[in-house]
Amino acid sequence: MDGDRVEIDGGIMEGGGQILRVSTALSCVLGLPLRVRRIRAGRSQPGLRPQHLSGLEIVRDLCDGKLNGGEIGSTEITFTPGKIKGGTHIADTKTAGSVCLLMQVAMPCVLFAASPSELHLKGGTNAEMAPQIDYTVMVFKPIVEKFNFTFNCDIKRRGYYPQGGGEVVVQMSPVKELTPINLTERGTVTKIYGRAFVAGALPIKLAKDMSAAAVRCIRREIRDLYINIQPVREPDDQAVGTGSGIIIVAETSTGCLLAGSSLGKRGKNADKVGIEAAEMLLQNLKHGGTVDDSLQDQLIIFMALAKGVSRVKSGPITLHTQTAIHFAEQLTKAKFTVTKSEEEDTSNDTYIIECQGMGMINSNL
């Protein structure tokens, strides 16, 4: 069997967990045996971290696959996928490792399962270096569902750095195939809304301060829109640990959703958290694309699997997106092209990501 394994170099380009997520998800969907070497080679702690290992384990369990080298710190794994079956599965990082990153690796797999799936994902819901669960529900979900599937995401408990302890339940039914998307018209911003949250030992005043600072910052650029950022204190029975943060979403006349977010941490001023999120949102609005920097790379795997041509207009292409495209092309027959957008307004740094998808058909249905 080893002669037919696809060889993946986990140390190139973005060089992190994303290479593992894209390649193991595609390996599972396409039934391709895989070897990934030099996992996270350039990072300060190379090899698998707890959340990467949980991601690999859930994919293995989803398809009764075989995983070798699945230990913390391992820099090489081999994975041999089986048939994707659906059912109930649990993945627990046992740390504040992101549940959203677990969702990223599992979701393409369960779309091509034989029956509906229920995933119990445990870890951090609002973690650094990963999308917050609020982003996944408010931005990722409505946009990715344009590929012609739906999922339900129930936040049972929130969990924060350092101990995690959050839990999200995702329910999804398989599809026969994915339809392509065309997100090339930004339209105008029609509303801006969001939530600023505190949990555990933190007072609601911090959430109000984050919200107010964010509104002030956005007001300098956008004067005539009502901005509704709700300050929230997470109920104690629905949150583990102490945490705070904010997410702000801009919705446009064509249904685009772009966001900015930030997390609080000890010693970081609440105003600064709010301003960071507001500046990130304004930056994402400035480039004129239909997706923000965080969504860009998350759509690549679905574009690759869909049938037909998908087109997405984005701001500058991130290294994460370049990496996702590289490995999607290596593993599928999808073909991507990225071209500078022909805009009247030359100040906009926008690009069109186009993909001729491979047209994956779910043979389990």
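Reading guide: rules and limits
Residues numbered from 1 in each chain as written. Predicted model: local features only at pLDDT ≥ 70, side-chain atom pairs only at ≥ 80, totals over all residues. Heavy atoms only, no water. Helix = DSSP H or I, 4+ residues; strand = E, 2+ residues; numbered from the N terminus. Rg over C-alpha atoms; globule rule 2.2 N^0.38 Å. Buried < 20%, exposed > 50% of the residue type's maximum accessible area, 1.4 Å probe, protein only. Contact = heavy atoms within 4.5 Å. Areas by Shrake-Rupley, 256 points an atom, 1.4 Å probe, with all protein chains shown as cover. Core = buried A, V, L, I, M, F, W, Y, C linked by side-chain atoms within 4.5 Å. Pairing = 2+ DSSP bridges. Axes fitted to C-alpha atoms, helices over the stretch in contact; angles between N-to-C directions. 1 Å grid on protein atoms, 1.4 Å probe; cavity = no way out; pocket = protein on both sides within 12 Å on 5 of 7 lines; lining within 4 Å. Points joined across faces, edges and corners; volume = space filled by probe spheres on them. Nonpolar A, V, L, I, M, F, W, Y, C, P; charged D, E, K, R; others polar. Domains from an automatic or database assignment. UniProt positions renumbered as here; feature names shortened; annotations may be inferred. Phe/Tyr/Trp six-rings, centres within 6.5 Å; stacked < 30°, edge-to-face > 60°. Lys NZ or Arg CZ within 6 Å of the ring centre and 35° of its normal.

Undergrad: How would you explain the overall build of the chain if you had to name every residue and give the values?
TA: Looking only at helices and strands, one finds 9 helices and 17 strands in the chain. In terms of overall dimensions, the chain is globule-like: its C-alpha atoms have a radius of gyration of 20 Å, near the 21 Å expected for 365 residues. Burial statistics for the chain: of 365 residues in total, 56% are counted as buried. Taking all contacts inside the chain whose residues are at least 6 apart in sequence as the whole, residues at least 24 apart take part in 75%. By element, 50% of the accessible surface of the chain is carried by carbon and sulfur atoms, the whole surface being about 15000 Å².

Undergrad: I'd like to hear about the nonpolar core, residue by residue, with values.
TA: Grouped together as the largest cluster of nonpolar side chains are 83 residues, with contacts concentrated most on Phe 147, Phe 149, Phe 151, Leu 178, Leu 299, Phe 302 and Phe 336. By residue number, the principal contributor to this core is helix H3 (residues 99-111), which donates 10 residues. For Phe 149, the residues in contact, after removing those within four places along its chain, are Met 107, Leu 111, Val 144, Met 172, Val 175, Leu 178 and Phe 302. Counting residues in hydrophobic clusters, the runner-up holds 24 residues, among them Val 198, Ala 207, Ile 222 and Ile 248.

Undergrad: I'd like to hear about the sheet that holds strand E11 (residues 227-233), residue by residue, with values.
TA: An order of E11-E10-E13-E14 is seen for the 4 strands of this open sheet, with the pairing classed as mixed. Only two strands of the sheet have a single partner each, and these edge strands are E11 and strand E14 (257-263). On average, adjacent strands in this sheet sit at an angle of 15° to one another, irrespective of strand direction. Both strand E13 (residues 243-252) and E14 contribute to a ladder of 7 bridges, which runs antiparallel. Of the residues in E14, the one forming a bridge with Ile 247 is Ser 261. Running over the sheet, helix H4 (residues 133-144) touches strand E10 (189-199), E13 and E14 and is turned about 165° from E14.

Undergrad: Now, about the layout of surface pockets: what can you tell me, with residues and values included?
TA: Here the largest pocket is characterised by a volume of approximately 1200 Å³. Along the walls of the largest pocket sit 41 residues, with Ala 127, Glu 128, Met 129, Ala 130 and Pro 131 positioned nearest its centre. Counting only elements with at least two residues in the lining of the largest pocket, the list comes to helix H1 (17-30), helix H2 (50-62), H3, E14, helix H6 (270-286) and helix H7 (293-298). Considering only residue class, the lining of the largest pocket consists of 13 nonpolar, 17 polar and 11 charged. Looking at which domains feed residues into the lining of the largest pocket, each of domain 1 (6-183 + 291-358) and domain 2 (189-287) gives three or more. Roughly 500 Å³ of internal volume is contained in the second largest pocket. For the second largest pocket, the lining is made up of 20 residues, of which Thr 242, Gly 243, Gly 264, Lys 265 and Arg 266 are closest to its centre.

Undergrad: If you had to explain the UniProt feature "domain: RNA 3'-terminal phosphate cyclase insert" (unreviewed entry) in the chain to someone new, which residues and values would you point to?
TA: Under the UniProt annotation, the feature "domain: RNA 3'-terminal phosphate cyclase insert" (unreviewed entry) is placed at residues 184-286. Helix makes up 32% of residues 184-286 and strand 36%. Its end C-alpha atoms lie 15 Å apart.

Undergrad: So what about the UniProt feature "binding site: ATP" (unreviewed entry) in the chain? Which residues, and what values?
TA: Listed under "binding site: ATP" (unreviewed entry) in the UniProt record, and renumbered for this structure, are Gln 104. Checked against the element boundaries, Gln 104 lands in helix H3. With a relative accessible area of 21%, Gln 104 lands in the partly exposed category. The residues touching Gln 104, leaving out its near neighbours within four places in the chain, are Arg 21, Pro 131 and Gln 298.

Undergrad: With reference to specific residues and values, describe the packing of aromatic side chains.
TA: Here the structure, examined in full by the defined rule, presents 6 aromatic pairs. Counting every residue linked through ring pairs, the aromatic cluster contains Phe 140, Phe 147, Phe 149, Phe 151 and Phe 302. The positively charged end of Lys 141 is found above the aromatic ring belonging to Phe 151, 5.0 Å away from the centroid. The ring of Tyr 351 carries the charged tip of Lys 340 above its face, separated from the ring centre by 5.2 Å.

Undergrad: Pulling in residues and values, what's your account of the sheet that holds strand E16 (residues 335-340)?
TA: Judged by pairing direction, the sheet is mixed, and its 4 strands sit side by side in the order E9-E15-E17-E16 without closing on themselves. Both edges of this open sheet fall to strand E9 (182-183) and E16, since each of them pairs with a single strand only. Sheet topology places E16 next to strand E17 (residues 351-356); 6 bridges connect them, and they run antiparallel. By the bridge assignment, Thr 337 is partnered in E17 with Glu 354.

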